[in-house]
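Breakdown of the fold
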Amino acid sequence: MFYINPSVDMLLKDSELNMKLIKQAKIFHYGSISLISEPCKSAHMAAMKADEAGVLLSYDPNMRLPLWPSPEAARDGIKSIWNQADFIKVSDNEVAFLTQGDPEKEDVLSLWNDNFKLLIVTDGPKGCRHFTKSFKRKVSGFQSENNRHDWSW
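Just so we're clear, the structure is a prediction, and the values are computed from it rather than from any experiment.

Here is what the cut-offs are and how they apply
- Residues numbered from 1 in each chain as written.
- Predicted model: local features only at pLDDT ≥ 70, side-chain atom pairs only at ≥ 80, totals over all residues.
- Heavy atoms only, no water.
- Core = buried A, V, L, I, M, F, W, Y, C linked by side-chain atoms within 4.5 Å.
- Buried < 20%, exposed > 50% of the residue type's maximum accessible area, 1.4 Å probe, protein only.
- Helix = DSSP H or I, 4+ residues; strand = E, 2+ residues; numbered from the N terminus.
- Contact = heavy atoms within 4.5 Å.
- Pairing = 2+ DSSP bridges.
- Right-handed = clockwise from strand over helix to strand, strands pointing away.
- Salt bridge = Lys/Arg side-chain N within 4 Å of Asp/Glu carboxyl O.

A few words on the nonpolar core. Residues Phe28, Tyr30, Tyr59, Trp82, Ile88, Val90 and Leu119 are the most contacted members of the largest nonpolar core, which totals 32 residues. Listed by contribution, the elements that provide at least two residues to this core are strand S1 (27-30), helix H2 (40-48), strand S2 (56-59), helix H3 (71-80), strand S3 (87-91), helix H4 (92-99) and strand S4 (118-122).

This is the structure:
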């Protein structure tokens, strides 16, 4: 496990945010781990207010169940800010967890919100699917000589 309780990132306070800088961004990208405990959760929520300045919100839950108190807390926490994002990248495993359904079927559409600009579902080596208001598409994965899974380059 890559986690020590408390870790520095868990201690971030909203008073420590440079909101002027965050509001100058085009896109603010975040995950769900910062939603697990205070004071970081409040800092995360404060930073998301950058959307009021026209900043696009990009969300990758990056689910790490062992860090959450329970699976139910993880599901509730991840979904608590789901509909505020403009862009979401979620894995097929996360779709299965969040919907408690089959990520290969149309269960993923239950995660769609009409405020989204893009929802991407990564399917590992099989590729990905992406959804917008006007279309849905699947892109197949591919192998290359540079695909290395041991990361020992």
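With that out of the way, let us pick up H4. When H4 is considered as a whole, its buried residues turn out to be Asp92, Glu94, Val95, Phe97 and Leu98. Where the residues of H4 are buried, they touch H3, S3, S4 and strand S5 (127-131). Gln100, located one to two residues past H4, shows a positive phi value of around 55 degrees.

This part is about the environment of Ala46. Mapped onto the fold, Ala46 is located in helix H2. Residue Ala46 is classed as buried on the basis of its relative accessible area of 17%. Between the C-alpha atom of Ala46 and that of Ser15, which follows or precedes it by 31 residues, the distance is 9.3 Å. What Ala46 contacts, discounting residues up to four positions off in sequence, is Asp14, Leu17 and Met19.

Turning our attention to the environment of Phe28. Relative to the assigned elements, Phe28 resides in strand S1. On a C-alpha basis, the gap between Phe28 and Val139 in space is 26 Å, while along the polypeptide they are 111 residues apart. Sequence-distant contacts of Phe28, defined by excluding residues within four places in its chain, comprise Ile22, Ala47, Met48, Val55, Leu56, Leu57 and Ser58.

A few words now on the pairing of S2. In the sheet, S1 pairs with S2 via four bridges, with the strands oriented parallel. What sits directly across from Ile27, in S2, is Leu56. One crossover worth recording links S1 to the parallel S2 by way of H2, and it is right-handed. Sheet analysis places S2 next to S3, joined by two bridges and oriented parallel.

Let us now look at the pattern of salt bridges. Using the criterion set out here, one finds three salt bridges in the structure. Here Lys117 makes a salt bridge to Asp86, at a shortest N to O gap of 3.6 Å. On the criterion of sequence distance, the pair formed by Lys117 in the loop between H4 and S4 and Asp86 in the loop between H3 and S3 is long-range, its members being 31 residues apart. Classification of Lys117 by relative accessible area gives partly exposed; the value is 44%. You can call Asp86 buried: its relative accessible area is 13%. Two residues, Arg129 and Asp123, come together in a salt bridge whose shortest N-O distance is 2.9 Å. For Asp123, a relative accessible area of 3% corresponds to the buried category.

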